Number of protein chains: 2
Amino acid sequence: MKTSIIAVGTELLFGQTVNTNASFLSDKLNHMGFDVMYHFVVGDNPERLRAKIREAFADTDLILLTGGLGPTQDDLTKEIVAEEMGAELYLDEQALEDLKAFFDKRGRYMAENNLKQAYLPVGCTPLYNASGTAPGFALEKDGKIAICFPGPPREMKWLWENGARAYLEGFMDKKMFYRVIRTIGIGESDLEMLLMPLIDGQTDPTIATYAKEGECTLRVASQRDTMEEAEAAVREMTDKVTELAGEYIYSYDDEELNEVVVRILKEKHLTVASAESATAGMFASRIADVPGASEVMHSSFVTYSNESKIRNVGVPAETIEKYGVVSPETAVAMAAGARAAAGADIGVSVTGYAGPEADPGHNAGEAYIGYAFGDNTGFYAVNTSRSMRKWNRNYFMLRMLRAVYLLIK
Amino acid sequence: MKTSIIAVGTELLFGQTVNTNASFLSDKLNHMGFDVMYHFVVGDNPERLRAKIREAFADTDLILLTGGLGPTQDDLTKEIVAEEMGAELYLDEQALEDLKAFFDKRGRYMAENNLKQAYLPVGCTPLYNASGTAPGFALEKDGKIAICFPGPPREMKWLWENGARAYLEGFMDKKMFYRVIRTIGIGESDLEMLLMPLIDGQTDPTIATYAKEGECTLRVASQRDTMEEAEAAVREMTDKVTELAGEYIYSYDDEELNEVVVRILKEKHLTVASAESATAGMFASRIADVPGASEVMHSSFVTYSNESKIRNVGVPAETIEKYGVVSPETAVAMAAGARAAAGADIGVSVTGYAGPEADPGHNAGEAYIGYAFGDNTGFYAVNTSRSMRKWNRNYFMLRMLRAVYLLIK
């Protein structure tokens, strides 16, 4: 079905807010097989909104609108959509009850103008909103459909998951199942090459790859007559993907690598400590992003200078002298030293050149990731061949996470 | 002047890319006094692009287009814009030279299809592109103006700064000067209250506040007949702002706080070390974001557990027992301990509850920032009253940066 997305809000036209709602909905709609043809952004102006709704309905059949459902006089999306589709508004009792409950729960007085939000177009499918005050709705008339969402991304996403998606699934001939598989340690083009026998000529399930700073995500999707068939097809394809690329996969459920690492460390009652040069605390900070991280990390070390590597995590001065500070030997000594200084089970380290500059004979993007776990010590050599400091530091941090993941998985 | 922004690119309609170009340009245009009325996104489809250009020109006079200037057959923005505005294309010699130089410099072979990028509409103002291969251009006809930019945000911004802005300034009756002042340690509404005597009833210069995770930015802008007058008006208003809110200001030139801190540390030949509990390395990592940070930070400590605070930065066990681990006394001991363990000039620390949970008698968002510099030791008490882990950690990190800034400024 041909689809348009219209965002209503002057703050978007001022450039104060980025239209992430349109990206979110486009991604979801494309995955369901809807054909998104246009995005529009228009201010809180009834005549211009009306004109864009007409333009969108001129060559698309489904419009998703975000924003303009609030309690103020400026919020006119619902009114204009109802008018354009020839529907009156009625006071929806459930919406009114929700609204009252929302204010009661917070011990707040409900201003008169909030009542406006409990009105919905006659004949619509209400999308009641437990994440805010404004309900959304879907309205179908003469083969044209409009779905209205509140503007705040959190509320829009909540209504998508709790009503809008199911409503749109009713317009799909087939049932769709998909799985998001996450990998690290292989570039997008190499991963595509590896999976070429599966991707080539494949129509269902489909396999799509998405690159994301140093990581690569795979989406395996199937549309079949029943959900069981779709699930079975995705499961079978996932097995084939695992056979070819299993060593790079760290999640079959779209988890973040730091979440996976903290989860496994907790399960296995293990602790980790880092000694970080180029990343300077990014690894430790990423571990601490996950609630409850204090169970698995007690201390870590930012060892930027040579002296700090010697003094704070006990790297032998001779190691640095003999092999250089950016070397496998120094990386391993840092990992073992961090483990000892923190009294942790696992030590992990990085020493390298974040860029834009590097010492003579080296290049920005060169690094060594060291690890130490029981008798198992070793290193990974990394070379991004990039001079972008931020990109390199993020990539080194991901490779540290991967090193730990491979030790404990 | 009424303005539309049209982004061309199927990747936007797939939801793979967020349309940050539209926000960037909207922000800049609004600040220059242009009235942005619509954003459109359309795929790489000539007929639909043509239709949207016509719709945009129907009630706006200026269109900024991004994307679709590349070398492939899909890239048709230039061709459609030229057709719609009745201009032929010609081979631009400067563009051709730039293109050849681009490939020569990289030792790469220039494929035949790249030549396409050196063609421009007759009568346009070329916007030569030193940041990529595709030049942009501005084309005016019968009171309508189209400006085309390449899609990659880096190139689009480069062309904005190096040509497009100056071109559009020609359409402004007045000259504009503005300054972006950055503050930390005060919320947006408090800052507005503080500056109310200046903001109230003020038409030129204007003062606008923007909140950004834990920080607040002020934009002071003036439009006058000459640039000298505009600059003088902004300077005068900046002095008044400084009188009222000077203690919160850390940059008059839109610098990031970590950049300011690293710059001053370098100038004063000082080094800093952190002991981080809730932020777990974010402060150190933010310092290391700035190239050359190794001059000002040699080591830092992630001291998540009580034992780590005792073992790695020498906090007396009695201090933690007597005052609690989240206390001013522990924060100060951590800062002094980090300084000693790192042999640095300045120590800074945080101990607090990132959330979502906190120990009994405390709440998420409560933290103490400790500092030690010469004989000057002390702390800041922070309480965000929020339970959002990411928000709190980021805010604590900013307050650590601010603590260092106040010591050295």
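Our subject is the structure listed above.
A short tour of the structure in this document, coming up.

**A word on the relation of the copies chain A and chain B**
Part 1 of the argument: Superposing chain A onto chain B takes a rotation of 180 degrees combined with a translation of 0.3 Å along the rotation axis, leaving an RMSD of 0.4 Å. Taken together, the rotation and translation describe the operation of a two-fold axis.
Part 2 of the argument: The fraction of interface residues of chain A whose copies in chain B are also interface residues reaches 98%, indicating that both copies meet through the same surface.

**Considerations on the interface of chain A and chain B**
Interface extent is often summarised as the accessible area lost during association of the parts.
Part 1 of the argument: At the interface, 50 residues of chain A touch 50 residues of chain B.
Part 2 of the argument: Counting residues per element, the side of chain A that touches chain B draws most heavily on strand β2 (residues 35-42) of chain A, at seven residues.
Part 3 of the argument: Along the lines of polarity and charge, the residues of the side of chain A that touches chain B split into 24 nonpolar, 19 polar and seven charged.
Part 4 of the argument: By the bridge criterion, five bridges tie β2(A) to strand β2 (residues 35-42) of chain B in an arrangement that is antiparallel. For A:His39, the partnering residue across the bridge sits in β2(B) and is B:Val41.

**Describing the packing of helix α3 (residues 46-59) of chain A against helix α4 (residues 77-84) of chain A**
All names here are of chain A.
Part 1 of the argument: In the contact formed by α3 and α4, the axes pass within 10 Å of each other and the chain directions differ by 45 degrees. Judged by the angle between their axes, α3 and α4 are oblique. Like other packed secondary-structure pairs, α3 and α4 cross with a definite hand, here right-handed. Note on element contacts: α4 touches α3 through Thr-77, Ile-80, Val-81 and Glu-84, opposite Pro-46, Leu-49, Arg-50 and Ile-53.
Part 2 of the argument: A per-class count over the contact of α3 with α4 returns five nonpolar, one polar and two charged.

**Observations concerning the nonpolar core**
Part 1 of the argument: Ranked by size, the top nonpolar core spans 119 residues in total, and within it A:Val272, A:Ala335, A:Met400, B:Val272, B:Ala335 and B:Met400 carry the most contacts.
Part 2 of the argument: Residues in contact with B:Val272, not counting those within four places in the same chain, are B:Leu265, B:Ile287, B:Val296, B:Met297, B:Ala344, B:Ile346, B:Val348 and B:Val404.

**Observations concerning the pairing of strand β14 (residues 299-303) of chain A**
Part 1 of the argument: Within β14(A), five of the five residues are buried, which leaves it mostly tucked inside the rest of the structure.
Part 2 of the argument: Here β14(A) shows two buried faces, one formed by A:Ser299, A:Phe301 and A:Thr303 and the other by A:Ser300 and A:Val302.
Part 3 of the argument: The pairing of strand β13 (residues 272-276) of chain A with β14(A) spans two bridges and is classified as parallel. Paired with A:Glu276 across the strands is A:Val302, a residue of β14(A).
Part 4 of the argument: For the crossover from β13(A) across helix α11 (residues 282-288) of chain A to β14(A), the handedness is right-handed.
Part 5 of the argument: Relative to strand β14 (residues 299-303) of chain B, β14(A) runs antiparallel, the two being bridged by five bridges. Each residue of the ladder has a partner; that of A:Ser299, found in β14(B), is B:Thr303.

**A short note on the sheet that holds strand β12 (residues 249-251) of chain A**
All names here are of chain A.
Part 1 of the argument: An order of β10-β11-β9-β12 is seen for the four strands of this open sheet, with the pairing classed as antiparallel. Across the chains shown, the open sheet's two edge strands, defined by having one partner strand only, are β10 (206-212) and β12. Taken pair by pair, the neighbouring strands of this sheet meet at an average axis angle of 35 degrees, ignoring direction.
Part 2 of the argument: Where β10 and strand β11 (residues 215-224) come together, seven bridges link them in antiparallel fashion. Along β11, the bridge assignment pairs Ile-207 with Val-220.

Each value, and the rule that gives it
Residues numbered from 1 in each chain as written. Chains lettered and ligands numbered in written order. Predicted model: local features only at pLDDT ≥ 70, side-chain atom pairs only at ≥ 80, totals over all residues. Least-squares fit on C-alpha atoms with pLDDT ≥ 70 in both. Contact = placed C-beta atoms within 7 Å. Helix = DSSP H or I, 4+ residues; strand = E, 2+ residues; numbered from the N terminus. Nonpolar A, V, L, I, M, F, W, Y, C, P; charged D, E, K, R; others polar. Pairing = 2+ DSSP bridges. Axes fitted to C-alpha atoms, helices over the stretch in contact; angles between N-to-C directions. Parallel < 35°, antiparallel > 145°, perpendicular 65-115°, else oblique. Left-handed = near helix turned anticlockwise from the far one by under 90°. Core = buried A, V, L, I, M, F, W, Y, C linked by C-beta atoms within 7 Å. Buried ≥ 20, exposed ≤ 12 C-beta atoms within 10 Å, placed from the backbone. Right-handed = clockwise from strand over helix to strand, strands pointing away.

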